[in-house]
Amino acid sequence: MTDENALLAKALARAPLTRAETAALLSVKNPRPLFEAADRVRKAFVGDGVYLRGLIEFSNYCKNDCLYCGIRRSNASARRYRLTPEEIVHTAKKAAGYGYKTVVLQSGEDPWFDADTMADIIRQIKTLDVAVTLSLGEKTREEYAAYRRAGADRYLLRIETTDKALYEKMDPGMSWDNRVRCLCDLKELGYEVGSGSLVGLPGQTTESLADDLLFFKELPVDMAGIGPFIPHPQTPLAGETVQGHFELALKMMALMRLLLPDINIPATTAMETLHPRGRLLALESGANVVMPNVTEGDYRKFYELYPGKICTGDTPDRCRGCIQAKIESIGRTVSPVYGFHGDYLKGKK
Ligand code: SAM
Ligand code: FES
């Protein structure tokens, strides 16, 4: 057995992997056996059903200035928009009408939406018989508690990178310790917690990506969203490359599936910007969630985190049909359940 095969066998047996072993698996020259192993584990632990989450990008105002992000506050050429609470609830109703069992509310860190306003929006959406996932960035424990009391079920907050120095360089003015505090608060408050990494940041090493995976296992997360970094032309990282980011992100997803076999792993939208079958390849390498955009009209293109975002000219209705057809084309199905962590193992498919 080669070293690579022995390591893969060790990961499959769920024996603890060291940082160096994890990094070695992320560096394999031929990742096919890793992808195939992740696909088998995905089938055994979360089944063939794919959970769809309807994503509402409700504001692109942001008080932060992350170097990689197209909606950072210093990007004066970003066209800013903010949906009203009524528009957000209306969009959520439409999402429920398309059959989504989860609505994800995502925005920049926009202080216009205070805790009471958000809680009110959440309460109204919860009457629609959907799970509510939030992705609003770093908030106080009290704010997270208020959203939870209003009925929010899940929260997504990527750590982006566990390399503290790199994080604080990429996210000026932000504190890595505070981001970890947020994740711990969210867990303690009973949220299903999703975190994740940006793969391909300048200066990021395979060792630090290995640390990310071990961090997610340690927390542990209920969901891990791994996305390739794609440089935005109006940011300080405009000149960076995307070379190798797609395959590395796919390896991260696959290895995540081996380390935490029953969690939810989205086939992230950015994967499809880098490869026309990006989300399908992710679904065949460990992923089991897709988050189609249900934001309407021009807002779809104004929420431009990175260039080449897919489906910006489409309607939510068309995206819903399109993604279902794609999922079925690889022999998978759209699951009709809420899709909480562990649902499949509890017999909910
Ligand atoms: N403000 C919230 C937060 O910080 O979690 C949610 C919105 S934020 C734009 C969502 C995610 O977009 C980030 O966690 C980051 O990983 C991703 N993102 C930002 N810029 C990106 C880029 N240039 N390429 C790929 N993903 C990017
Ligand atoms: Fe705030 Fe990207 S810098 S969402």
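Draft legend 1. The site of ligand 1, seen in detail. Around ligand 1, the structure places 19 residues, and the nearest of them are Tyr 68, Ser 107, Arg 158, Glu 160 and Ile 230. Within the side chain of Glu 160, an N or O atom sits 2.6 Å from an oxygen atom of ligand 1. Considered on its own, ligand 1 offers 560 Å² of accessible surface; in the complex 92% of this is hidden by protein. In this structure, ligand 1 is accommodated by the largest cavity. Taken together, the residues of the shell around ligand 1 sort by class into eleven nonpolar, five polar and three charged.

Draft legend 2. Region of interest: the sheet that holds strand β8 (residues 289-290). As summarised here, the arrangement of the three strands in space is β8-β1-β9, forming an open sheet in which the pairing is parallel. The open sheet is flanked by β8 and β9 (333-334), the only strands paired with a single partner. Summarising the sheet, strand β1 (residues 49-52) and β8 pair through two bridges and their orientation is parallel. Across the sheet, residue Tyr 51 finds its bridge partner in β8, namely Val 289.

Draft legend 3. Main features of unusual backbone geometry. For the peptide bond that leads from Leu 219 to Pro 220, omega is -15 degrees, which places it in the cis range. Mapped onto the elements, Pro 220 comes out in the loop between α9 (206-218) and β7 (223-228). Of note in the backbone geometry, Asp 129 takes a positive phi value of approximately 60 degrees without being a glycine. Taking relative accessible area as the criterion, Asp 129 reaches 44% and is therefore assigned partly exposed. Phi at Glu 160 takes a positive value of approximately 70 degrees, unusual for a residue other than glycine. One can find Glu 160 in the loop between β5 (154-156) and α7 (164-170). On the basis of relative accessibility, which here comes to 11%, the residue Glu 160 falls in the buried class.

Draft legend 4. A look at the pattern of salt bridges. All chains considered together, the criterion is met by 26 salt bridges. Asp 129 is paired through a salt bridge with Lys 101; the nearest N and O atoms lie 3.5 Å apart. Of this pair, Asp 129 sits in the loop between α5 (115-126) and β4 (131-135) while Lys 101 is found in the loop between α4 (85-97) and β3 (102-107), placing the two residues 28 residues apart along the sequence. A relative accessible area of 22% means that Lys 101 is categorised as partly exposed. Residue Glu 272 is joined to Lys 326 by a salt bridge in which the shortest nitrogen-to-oxygen separation is 2.7 Å. Here Glu 272, found in helix α11 (residues 269-274), pairs with Lys 326, found in helix α14 (residues 316-329); they are 54 residues apart in sequence, far enough to count as distant. Residue class for Lys 326 comes out partly exposed when judged on its relative accessible area of 25%. Taken together, the shared-partner salt bridges in this structure form one network comprising Asp 39, Arg 42, Lys 43 and Asp 48.

Draft legend 5. Main features of the side chain of Thr 133. By the secondary structure assignment, Thr 133 is in strand β4. Among the polar contacts made by the side chain of Thr 133, one reaches the side chain of Arg 154 at a distance of 3.2 Å. When sequence neighbours within four positions are dropped, the list of residues in contact with Thr 133 reads Thr 102, Val 103, Val 104, Leu 105, Arg 154, Tyr 155 and Leu 156.

Draft legend 6. Looking closely at the nonpolar core. Membership of the largest hydrophobic core comes to 99 residues, with the highest contact counts inside it found for Leu 105, Leu 134 and Tyr 147. When residues of this core are assigned to their parent elements, the largest contribution, ten residues, is made by helix α10 (residues 245-259). For Leu 134, the contacting residues outside a window of four places in its chain are Leu 105, Met 118, Ile 122, Tyr 147, Ala 152, Arg 154, Tyr 155, Leu 156 and Tyr 191. Formed by seven residues, the second largest nonpolar core is a distinct cluster that contains Leu 55, Val 104, Met 223 and Met 291.

Draft legend 7. Structural detail: the pairing of strand β2 (residues 54-59). Among the six residues in β2, six count as buried, and that is most of the element. As judged from the five bridges shared by β2 and β3, these two strands associate in the parallel manner. Residue pairing for β3: Gly 54 is matched across the bridge by Val 103. At this point the chain moves from β2, through α4, to the parallel β3, and the crossover so formed is right-handed.

Draft legend 8. Representation of empty space enclosed by the protein in the model. On inspection of all chains with the given rule, the structure shows four cavities of 30 Å³ or more. In this structure, the largest cavity encloses a volume near 1,100 Å³. Those elements that place two or more of their residues in the lining of the largest cavity are β2, β3, β6 (192-199), β7, α11 and α14. Partitioned by chemical class, the residues of the lining of the largest cavity number 28 nonpolar, twelve polar and ten charged.

Draft legend 9. Seen up close, the sheet that holds β5. Spatial ordering of the open sheet is given by β2-β3-β4-β5-β6-β7, a layout of six strands whose pairing is parallel. What marks the edges here is a single partner per strand, and that holds for β2 and β7. Neighbour-to-neighbour, the strand axes of this sheet turn through a mean angle of 20 degrees, independent of strand direction. On the sheet, α5 packs against β2, β3 and β4 and is oriented at approximately 150 degrees with respect to β4. Its contacts with the sheet put α10 on β6 and β7, and the angle it makes with β7 is roughly 165 degrees.

Analysis parameters
- Residues numbered from 1 in each chain as written.
- Chains lettered and ligands numbered in written order.
- Predicted model: local features only at pLDDT ≥ 70, side-chain atom pairs only at ≥ 80, totals over all residues.
- Heavy atoms only, no water.
- Near = heavy atom within 4 Å.
- Polar contact = N/O pair within 3.5 Å; in protein donor to acceptor, adjacent residues only side chain to side chain.
- Areas by Shrake-Rupley, 256 points an atom, 1.4 Å probe, with all protein chains shown as cover.
- 1 Å grid on protein atoms, 1.4 Å probe; cavity = no way out; pocket = protein on both sides within 12 Å on 5 of 7 lines; lining within 4 Å.
- Sits in = over half its atoms within 2 Å of the grid points.
- Nonpolar A, V, L, I, M, F, W, Y, C, P; charged D, E, K, R; others polar.
- Pairing = 2+ DSSP bridges.
- Helix = DSSP H or I, 4+ residues; strand = E, 2+ residues; numbered from the N terminus.
- Buried < 20%, exposed > 50% of the residue type's maximum accessible area, 1.4 Å probe, protein only.
- Salt bridge = Lys/Arg side-chain N within 4 Å of Asp/Glu carboxyl O.
- Contact = heavy atoms within 4.5 Å.
- Core = buried A, V, L, I, M, F, W, Y, C linked by side-chain atoms within 4.5 Å.
- Right-handed = clockwise from strand over helix to strand, strands pointing away.
- Points joined across faces, edges and corners; volume = space filled by probe spheres on them.
- Axes fitted to C-alpha atoms, helices over the stretch in contact; angles between N-to-C directions.

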